[in-house]
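# Structure assessment
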Amino acid sequence: MAVAVRGNRVGSGGGSVLRSFFSYRIFVSAMFTLLFLATLSVLLTSHPSHNDSVMDATGNAHVRRSFLAWQSDPVKTRLDLIYNQANNHVALLNAYATYARKLKLEISKQLKMFDDLAQNFSNIQLKQAYRAALFESDGPVDEDVLRQFEKEVKDKVKIARLMIAENKESYDNQLKIQKLKDTIFAVNELLLKAKKNGVFASLIAAKSTPKSLHCLAMRLMEERIAHPEKYVDDEPGPELEDPNLYHYALFSDNVIAISVVVNSTLKNAEEPWKHVFHVVTDRMNYAATKVWFKMRPLQGGAHIEIKAVDDFKFLNPSYAPVLKQLQSAKLRKYYFETRTENTSTDVNNMKYRNPKYLSMLNHLRFYLPELYPKLHKILFLDDDVVVQKDLTALWKIDLDGKVNGAVSTCFGSFHRYSEYLNFSHPLIKQKFSPGACAWAFGMNIFDLDAWRREKCTEQYHYWQDLNEDRSLWKMGTLPAGLVTFYSTTKPLDKAWHVQGLGINPSISMEEIEKAAVIHFSGDMKPWLDIAMNLYKHLWTKYVDNTMDFVQMCNFGM
């Protein structure tokens, strides 16, 4: 009877016990599976999707715009952002629903399978032959029947163990946690790889010469070759050295960018005939730049001087550290050779491998007193700025004996000297404060008399020579400027210069409208396809679209 009691316990109660046990395991499994899916969703949807499309109520396709192709209208841009955000969450909910249906189906199948197996155990002992011979008989147990019963039970046990082993992963919490960790690690590795590839692609897009810009330079050169008599150089006028006029320094190899800076300055000037532009470009774009301004003379009687960097003979390797460093085999290998051992693995430092950081045209700003020896003050402008107001008040600002008037960029702990200089180097640590406030290149009013008195060019040479191995700072002209004008910079009102229009989409239009100069600092320059159209119209309105060559080269303004 003891055997019969045990048999009845298994037979009558086994099914419900197994069902309760596996129902609990299934519930736990479902919770961990949903946690796993939610984690993957957060990792894989951290950026808005650009591939979803939805049909509106009228049946017309809604054409979405990507981050790099926003419409100029800020309201439309905001609408796109809200629409994409809602669309992404609809897709996320649909994914959850699909997975939930799949999960419910799988759980139902497993539940039926376990129920059937439990029922099979019960059915074995309910067989009439076994009940009569093993459980209900008062006589001795028939060994043949017992062996047959034992064989059937062991077969079912074997099947049960196989099923449990196959489904263990769904109910083993530790195993699911480890699998989740492995998946998160793998996804993170893919994310880092994608980020690096994205930075690399962005750098290529930002630093390569656009086809339209190359076309414009070639068209201008073709015009010069076809009609040389139209482009004979004029004798320089006395205005170029008149210290009573307003002088600008602009160094660039981008013809269209130079024209926008000059055009925007003159259109907003109250007395344009008092403004003088000193443009320096490279030998390749020298003729093209001269042809442009011959075909499009300056309005309002303003003056312009165009030179090539090669025209300044004092800039040679024996004098300029940058030119001397360019003769270094080690630096040439670092910047100009593509080899496996020369590859950067740091995404944040890839941009510093751009050869432009050792370009003489880029470092020409540190030689202003020698380039223009008869001037007392000069306003330096980058080629990616747009002037929105009359700037003559800058010449009237008292710099208190300082050399450089610039807008500070620091706020809180950001944009301090510690971000640009290597304070683990003892010389940097000794000479500078890591908390000192950085300022911006792009619009700087320089007192050239104070510059000569403070011997700032000599200071620049001293630090640039020490940084040949890039141990003081990575690269670029801003760190060199920070050390050169460390104690000789006067902060200007922030309304003079608003920067970041080539990198920061959250700058308010109110702040932009109040600015005298807006600066497209960052990789998304307004003449590139990757420019932010949210701000691009602020630049394109100063492009001379009536010029035939601009239309022929398809600038897409």
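Because the structure is predicted, anything quoted here is derived from the model rather than measured. Starting from 1, residues in each chain are numbered consecutively following that chain's sequence as written. Only residues with pLDDT of 70 or above have their local features reported here, since the model is predicted, and side-chain atom pairs are shown and tallied only from 80 upward, although totals for entire chains, interfaces and linings are computed over all residues. Side-chain numbers come from the whole structure's heavy atoms, not from hydrogens or water.

Residue burial is assigned from relative accessible area. The probe radius is 1.4 Å, only protein chains are included, and a residue is buried under 20% of its type maximum, exposed over 50%, and partly exposed in between. Helix and strand assignments come from DSSP, with helices taken as H or I runs of at least 4 residues and strands as E runs of at least 2, each series counted from the N terminus. When you tally the buried positions in helix α16 (residues 477-484), you get 8 out of 8 residues, the bulk of the element. Residues Thr477, Leu478, Pro479, Ala480, Gly481, Leu482, Val483 and Thr484 constitute the buried set of α16. By the convention used here, residues are in contact when the closest approach between their heavy atoms is within 4.5 Å. Residues of α16 that are buried sit in contact with α11 (360-363) and α15 (456-466).

Note on ring pairs: Phe, Tyr and Trp rings are taken, using the six-membered ring of Trp, and paired if centres are within 6.5 Å. Classes follow the plane angle, with under 30 degrees stacked, over 60 edge-to-face and the rest tilted. This structure, assessed with the given rule, holds 25 aromatic pairs. Taking 6.4 Å as the distance between ring centres and 75 degrees as the angle between the ring planes, the aromatic pair formed by Phe312 and Phe314 counts as edge-to-face. Seen in terms of ring centroids, Trp527 and Trp539 are 5.9 Å apart; in terms of plane orientation they differ by 55 degrees. Their pairing is tilted. In this pair, Trp527 is assigned in the loop between β10 (517-519) and α18 (533-540) and Trp539 in helix α18, connecting sequence segments 12 residues apart. Judged by relative accessible area, Trp539 falls into the buried class, the value being 0%. A ring has a charge above it when a Lys NZ or an Arg CZ is no more than 6 Å from the ring centre and no more than 35 degrees off the ring normal. Taking NZ or CZ as reference, Arg283 lies 5.4 Å from the ring centre of Tyr286, over its face. Its guanidinium or amino end placed over the ring of Phe441, Arg365 lies 4.8 Å from that ring's centre, counting from NZ or CZ.

The subject of this paragraph is the confidence of the model for the protein. The predictor rates its confidence in each residue with pLDDT, a number between 0 and 100. Scored by pLDDT, the protein has a mean of 81; 78% of the residues are at 70 or more. Contacts of residues 1-22 to residues separated by more than four positions or lying in other chains number 17 contacts, the stretch itself having pLDDT below 50. Overall, residues 42-71 carries pLDDT values under 50, and its contacts beyond four positions in sequence, including any with other chains, amount to 44 contacts.

Unlike most non-glycine residues, Asp400 shows phi in positive territory, near 55 degrees. Residue placement: Asp400 occurs in the loop between β5 (385-387) and β6 (404-407).

To characterise two packed helices, one gives the angle between the axes of the helices and the distance between these axes. At their nearest, the axes of helix α7 (residues 255-267) and helix α8 (residues 283-295) sit 10 Å apart, and the two run at 40 degrees to each other. It follows that α7 is oblique to α8 by the angle criterion. The way α7 lies across α8 gives a crossing that is right-handed. Residues Val255, Ile256, Ile258, Ser259 and Val262 of α7 form the contact with α8, whose own contacting residues are Asn285, Ala288, Thr289, Trp292 and Phe293. Each residue is assigned to one class: nonpolar for Ala, Val, Leu, Ile, Met, Phe, Trp, Tyr, Cys and Pro, charged for Asp, Glu, Lys and Arg, and polar for all the others, Gly among them. Among the residues forming the contact of α7 with α8, the class breakdown is 7 nonpolar, 3 polar and no charged. Think of each axis as a best-fit line through the C-alpha atoms, taken over the contacting stretch in the case of a helix, with angles from 0 to 180 degrees between the N-to-C directions. Here is the rule for angles: anything less than 35 degrees is roughly parallel, anything more than 145 is roughly antiparallel, 65 through 115 is roughly perpendicular, and the remaining ranges are oblique. Take the far helix as your reference; a near helix turned counterclockwise from it by less than a right angle gives a left-handed crossing, and one turned clockwise gives a right-handed crossing.

Once that is clear, we can look at the environment of Ile378. Residue placement: Ile378 occurs in strand β4 (residues 377-381). According to the relative accessible area criterion, Ile378 is buried, its value standing at 0%. Taking the C-alpha atoms as reference points, Ile378 and Leu394, 16 residues apart in sequence, are found 9.7 Å from one another. Those residues in contact with Ile378 that sit more than four places away from it in its chain are His247, Tyr248, Ala249, His278, Leu368, Tyr372, Trp395, Asn444, Ile445, Phe446 and Leu448.

Time to look at the sheet that holds β6. Taken in spatial order, the 7 strands make up an open sheet running β3-β2-β1-β4-β7-β6-β8, and their pairing is mixed. Both outer strands of the open sheet, β3 (303-308) and β8 (489-492), are each paired with one neighbouring strand and no more. Going from strand to strand, the sheet's axes swing by 25 degrees on average, the running direction of each strand aside. Sheet contacts for α7: β1 (246-251), β2 (275-281) and β4; angle to β2, the most-contacted strand, approximately 175 degrees. Here a strand pair is declared whenever DSSP counts at least two bridges between the two strands.

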